[in-house]
Structures are given as C-alpha cells and as structure tokens.
Amino acid sequence: MTIQSNRRDILKGGLAVAGIGLLGIPEWALPALAQGETLVPFTDIDDPLTLVRSPETRIIDIRTIPENGQFTPADQFATTQHYGHPVIDPSTYRLRISGLVDQALSLSIDDLRTMPSREIVVGFECSGNRGPLNGLSGNGRWTGVPLRTVLDRAGVKADAKEFVFFGADHGEEVVEFRGRPYTVDQQYGRSLAREKALSSEPILVYALNGEPLTRHQGFPLRLLVPGWYGMALVKWLAEIHVQEDRYLGKFQARHYRTLKGEMINGEMKWKETDISTIQLKSFVARVTSNGSRHQVFGVVLNDGTPLRSVEVKVDDGSWQPVTMDPTTSEKYSWKFFTYDWHGATPGEHTVVSRATDIEGTVQPTAAELEVKKTFLEHNAQHPRTVMIA
Ligand SMILES: Nc1nc2c(c(=O)[nH]1)N[C@H]1C(S)=C(S)[C@@H](COP(=O)(O)O)O[C@H]1N2
Ligand SMILES: [Mo]
C-alpha cells in the first residue's frame, strides 16, 4: 500500500471525514507514515464534531500530528475564544500600560520589536481540552519581549499587586449580583499576581514559528505564560492595567474555575479554585501498524515540571515504559512518545498512557478525578480502544 492510498484511507476513515472542509485537514497534518505503515482504527470515537462548538473554534486532529513536525503550523493551530476575532490595524495599534506605574506607556508594534526579544518553545491546551480527541492543543516556537522588560520600562509601583491583561475583543455580559442582572460591555480580561507578572517567564509575543501572529492567534500581540492553560494567554492584547485590588472579571473568577472535593483532616472540603498551570496529562494520539509490528504514539502536556516516566498499558497488562522523542524535550514543549507494542493480537484492545513528574505527581485515573465536579482541568488517563486487523 502506498502512502498516497494510506492518506486517502485516513481521509475516508471515520475520525477525519467529518473534519474535511470544516476543519480543513491540510497536507502537513497527514501522518508521517512510513512505507507500509497504516493507522489502526480507534473504535471509541463517535463524532469529533461534537467537540467543535462554534464555527470560530477549530480543533486539531490529534491523530494526525506529524511525529517529526513538532510545531503546529500557525494556520492550523487549534483556536477558540469568546468574542470572535477582532481585526487590528497594525499601523494604529498601541499596547497601553496603565495604573500603578511611574509612567504610563503606549507602545507600537515597532517599539516592541526593537526591544530585546526572546524565543521559546511552548505547548499549551485549552483548560476544557479532554479526551478522546484532545484537539484543543498545540505547540509552537514563539518570539516576543519579556513582560518584565516592558513593566520595568513603565516602572511598577510598590503597591501594585495585580496585573490585568485586556484583549481588544469585547462583548455584552450579564453580571448577576444577588439576583439582579447588570448588562455591561466587557473586554476579555485575565490577571497575573505581582510575583508571576514580574518573574522572567511571561512574554508578550508577536511571532509564532518565525512569522507574525495570525489573526486567530491574536495578531498583533499576545500574552504567553509558559506552562499555563490557554485562557491565560490573552490574544489581541490591548492594555495591561496595574492595580492593587484583585481582578474578579468573568474569565478570571467565574468562567474558568474548578469545583473539587479535597479531604482535609478527615473532612471533605468542597473548594472552588481558579485555573492556572496545566495539570500533568498524557494521551494516546494514534496507533499504527506495519505488518505485524504495532506502535502507539502519544503526547504529554504539563506545567514544565520535568517528567520522571511515561508509561503505556495495553488491556490488563502491566505499565510499560515508552521512548521519549528527543526533538520535543524543551521545558515547555509538548512531549511526544512512542511505544512498540509487541505481539498485538487481532481484535479490540484498550490502550492507555500515564505520566509521572519528578515531584511524584501521577496523572490521575478518571475514578480518582470523580471528586472534580466541573469539567475543566480534565487531565485523567484516557483509555482508547483500537481494532487490530
Ligand atoms: N483576547 C482573548 N484571548 C483569549 C481568549 C479570548 O476569548 N479572548 N480565549 C482564551 C482561551 S480560553 C484559550 S483556550 C486560548 C486559545 O488560544 P488559541 O486560539 O491560540 O488556541 O486563547 C485564550 N486567549
Ligand atoms: Mo480555553
């Protein structure tokens, strides 16, 4: 079988077929299958389109990530947002820095581009991303100015505690307070606490994979917080407002939070927490066969803590170590792994992966996550079923 006909089979196969046109699966996304290698079909997926909630959201078909192309091309990055994609004229664009600073700033894209830049590989996922498809994730090489550089130029006052990042996008929101609805126009806003904002990590990025950001990716400027879930990476960044009070806007305090039970001194405490860093997750993205040889390929995402192990389990077997892909070893990159599955027998099988980091955090099972009531931050091990011919 040639690669060409493999590709056609993939396009005809259940998972991808719904994606053609709407998701526009491009050439690059076709799996880099070796001669004679074919995709083993998953039997658990019903309809990938159930994950696509609006025409403005695009998921990546995680089964078709090229193994040797660890950067997601900008025009195929998964994308999701709340108020559509604003169009910003780069010639009049200004990033404003206001509030508790010695000097308010208004910076053009050229101003930012002439400041010392930094390049970093960062992968992230939407906090709502979950199995089986995990399509709201991606990985890129980003370029921009460290946030700290810009804040130092403005001069942050001693009483500044909260740094609020507003996108240019906005919409009408009903803020409910004690039974009363208040309808107001709000910008997309997220905040970082002083320690994080002034750390060396956050970057104001203007390029992805060496090209200016696309409109979907937040052109002309986006906040990148390595190791954090997508909601913190404010696109179309328009203003940084420095203040003393905590910022409790919708997307900071209400829309992105988790309700989860935790045993404290023998008592269950139900805690509502906000969402920040990516919880350790691994998932099986595809299984391939080449004659009698079978291989499992998967992805790990986390907050940048080094990994201790990634393992794969087939059916009721024991956990087996995987091989990590050395091209995805940068701290905040997503990490690829493969597992050579020996002796796969015809019929349906269950394949699952789990990751453990050097701090001893183990990716939880779905049963262990039952104390989490809300669906965000869903990093459970996700068993997939495949049919071996
Ligand atoms: N300005 C703005 N930035 C935003 C959002 C938004 O609605 N407005 N959505 C956030 C969410 S929830 C996610 S998951 C990521 C998605 O980034 P992507 O489109 O590059 O995948 O953007 C984040 N940044
Ligand atoms: Mo998100």
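Placed above this text is the structure.
This write-up is about the structure you can find in this document. (Residues numbered from 1 in each chain as written. Chains lettered and ligands numbered in written order. Predicted model: local features only at pLDDT ≥ 70, side-chain atom pairs only at ≥ 80, totals over all residues. Heavy atoms only, no water.)

Section: the overall build of the protein chain
Across its full length, the protein chain carries 6 helices and 21 strands. Per-residue burial over the protein chain gives 52% buried out of 389 residues. Nonlocal contacts in the protein chain, meaning residues at least 24 apart in sequence, comprise 71% of its contacts between residues at least 6 apart. As displayed, the protein chain has an accessible area near 17,800 Å², and 50% of this comes from carbon and sulfur atoms. (Helix = DSSP H or I, 4+ residues; strand = E, 2+ residues; numbered from the N terminus. Buried < 20%, exposed > 50% of the residue type's maximum accessible area, 1.4 Å probe, protein only. Contact = heavy atoms within 4.5 Å. Areas by Shrake-Rupley, 256 points an atom, 1.4 Å probe, with all protein chains shown as cover.)

Description of the site of ligand 1
In the region of ligand 1, 19 residues are neighbours, and Ala-78, Asp-169, Gln-217, Lys-235 and Tyr-256 sit closest. Here His-82 contributes a backbone N or O atom positioned 2.8 Å from an oxygen atom of ligand 1. Within the backbone of Leu-233, one N or O atom sits 3.0 Å away from a nitrogen atom of ligand 1. Here ligand 1, which alone exposes 530 Å², has 98% of that area covered by the protein. Residues that form the shell around ligand 1 fall into these classes: 9 nonpolar, 7 polar and 3 charged. (Near = heavy atom within 4 Å. Polar contact = N/O pair within 3.5 Å; in protein donor to acceptor, adjacent residues only side chain to side chain. Nonpolar A, V, L, I, M, F, W, Y, C, P; charged D, E, K, R; others polar.)

Looking at the pairing of strand β5 (residues 137-146)
Counting buried positions over the 10 residues of β5 gives 9, a clear majority of the element. As paired strands, strand β4 (residues 118-125) and β5 are joined by 8 bridges and run antiparallel to one another. Bridging across to β5, Phe-124 finds its partner in Gly-138. Examined bridge by bridge, β5 and strand β8 (residues 203-208) share 5 bridges and lie antiparallel to one another. Bridge assignment links Thr-143 to a residue of β8, and that residue is Ala-207. (Pairing = 2+ DSSP bridges.)

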